[in-house]
Amino acid sequence: MITFCISTFNNLPYLKLAVKSVKAHSFYKNAPFIIHAENCSDGTNEWLTENKIKYDLEVYIEPNNAIVKGIGGGMNFCADKVKTEYIMFLHSDFYVAKNWDLACLNIFSKYPNERMMVFSQRFQPNIFNENSRPGTVIVPLEEFGAYYNDFNEDYFIEYAEEFSKLNDFEIPKPEGVSGLIRKVDWDFIGGNDSLFAPSSYEDMDLFLRMRLKNFKFVLTSKSVVWHFGARGSHRLEENDGKTSKRQQECERKNYSNWINKWGSPPKHDEYGAITL
């Protein structure tokens, strides 16, 4: 039915939480689970090797001298291995709530004839001094914890369950390079463009191409995830709370790549979804 997919780069403390939560809280606990580790030097490779049987993981470890695929390329790599009808992409800094996967799958039964991608409502600590936006609620650092070592798992699971009970809405917006999609639809759109490797702008490019091909986007309040906030790319813990040089360089480079490809800066609709 569903294959879970994570591509990760030197994000081990958060990856451990992500895997734990998927195995503990998903409806499809025994679904295939693919993890792609790229150029990791923080113990990720060793941990995956030691725990792949325990967590029933299909693990692919790239050598440190491999060509960098990045976030989008890692998704493409995982998707090529999927044999189920649906692909569920998630980040290595996610923590998922109960039945998050089933809630996304239920949306497909409502729109059986649509090319579509379905997304989870996010909660995220306020590490970037930003405001909440459609599909993502920004919460104070002390509410659930902001780091892997102070995150209150039980409180979040309880809160997420109550949130889903009290809310029933759909937002026509994609949210980050994560979500549930049919494998045939992923193959149809061609995955992420390697132009934007290793990170930044690949999600907007993917979603704009989807929009131009009349994909439907649904973000549902019935599926909830915690997002620690781009810990795998911005690497705040390693840089005194500042975005990594790699990410800054990617953002500059890929802004130019975006302009060259699409002809003008990114535009967004009233929900914050990418548009021309």
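This report concerns the structure included in the present document. Note that this is a predicted model, so its numbers are computed, not measured.

### Examining helix H3 (residues 70-81)
Over its 12 residues, H3 runs 17 Å from end to end, which matches the ideal 16 Å to within 8%, given 1.5 Å per residue. Along H3, nine of the 12 residues are buried, which leaves the element largely enclosed by surrounding structure. By the burial criterion, the buried members of H3 are Gly-70, Gly-72, Gly-73, Gly-74, Met-75, Asn-76, Phe-77, Cys-78 and Ala-79. Taken together, the buried residues of H3 touch strand E1 (2-8), strand E2 (33-37), strand E3 (58-61), strand E4 (86-89), helix H7 (183-189) and helix H8 (202-212).

### Considerations on unusual backbone geometry
Residue Ala-197 is joined to Pro-198 through a cis peptide bond whose omega torsion reads 0 degrees. By secondary structure assignment, the location of Pro-198 is in the loop between H7 and H8. Of note, the phi angle at Asn-10 is positive, near 45 degrees, even though the residue is not glycine. According to the relative accessible area criterion, Asn-10 is buried, its value standing at 15%. The phi angle at Asn-129 is positive, at roughly 50 degrees, despite the residue not being glycine. As for its position among the elements, Asn-129 is in the loop between strand E6 (116-125) and strand E7 (136-139). Classification of Asn-129 by relative accessible area gives exposed; the value is 72%.

### Overview of the pairing of E6
Taken across its 10 residues, E6 has 10 buried, putting it largely inside the fold. Across eight bridges, the pairing between E6 and strand E10 (residues 216-227) is parallel. Bridge pairing links Val-118 to Val-218 in E10. Relative to strand E9 (residues 179-182), E6 runs antiparallel, the two being bridged by two bridges. In the sheet register, Val-118 faces E9, and the bridge partner there is Leu-180. Pairing of E6 with E7 involves four bridges; the strand directions are parallel. Looking at the pairing, Arg-122 lines up with Thr-136 of E7.

### Quick look at empty space enclosed by the protein
What the rule picks out here adds up to three cavities of 30 Å³ or more. What lines the largest cavity is Met-88, Phe-89, Phe-94, Trp-100, Phe-119, Ser-120, Arg-122, Glu-175, Ser-178, Gly-179 and Val-225. Sort the elements by how many residues they give to the lining of the largest cavity and E6 lands first, with three residues. Each residue belonging to the lining of the largest cavity can be placed in one class, and the counts come to six nonpolar, three polar and two charged.

### Let's talk about the packing of aromatic side chains
Inspection of every chain in the model, using the stated rule, returns 32 aromatic pairs. Ring centres of Phe-144 and Trp-226 lie 5.3 Å apart, and the angle between their planes is 65 degrees; on these two criteria the pair is classed as edge-to-face. Of this pair, Phe-144 sits in helix H5 (residues 141-144) while Trp-226 sits in strand E10, placing them 82 residues apart in sequence. Taken individually, Phe-144 and Trp-226 each receive the classification buried, so the pair is uniform in this respect. Looking at Lys-81, its charged tip hangs above the ring of Phe-77, at a distance of 4.9 Å from the centre.

### Let's talk about H8
Burial of H8 is extensive: eight of the 11 residues sit out of reach of the surface. Here H8 has its buried residues at Glu-202, Met-204, Asp-205, Leu-206, Phe-207, Leu-208, Arg-209 and Met-210. At the exit of H8 stands Asn-214, carrying a positive phi of roughly 65 degrees.

Calculation notes
Residues numbered from 1 in each chain as written. Predicted model: local features only at pLDDT ≥ 70, side-chain atom pairs only at ≥ 80, totals over all residues. Heavy atoms only, no water. Helix = DSSP H or I, 4+ residues; strand = E, 2+ residues; numbered from the N terminus. Expected span 1.5 Å × (residues − 1). Buried < 20%, exposed > 50% of the residue type's maximum accessible area, 1.4 Å probe, protein only. Contact = heavy atoms within 4.5 Å. Pairing = 2+ DSSP bridges. 1 Å grid on protein atoms, 1.4 Å probe; cavity = no way out; pocket = protein on both sides within 12 Å on 5 of 7 lines; lining within 4 Å. Points joined across faces, edges and corners; volume = space filled by probe spheres on them. Nonpolar A, V, L, I, M, F, W, Y, C, P; charged D, E, K, R; others polar. Phe/Tyr/Trp six-rings, centres within 6.5 Å; stacked < 30°, edge-to-face > 60°. Lys NZ or Arg CZ within 6 Å of the ring centre and 35° of its normal.

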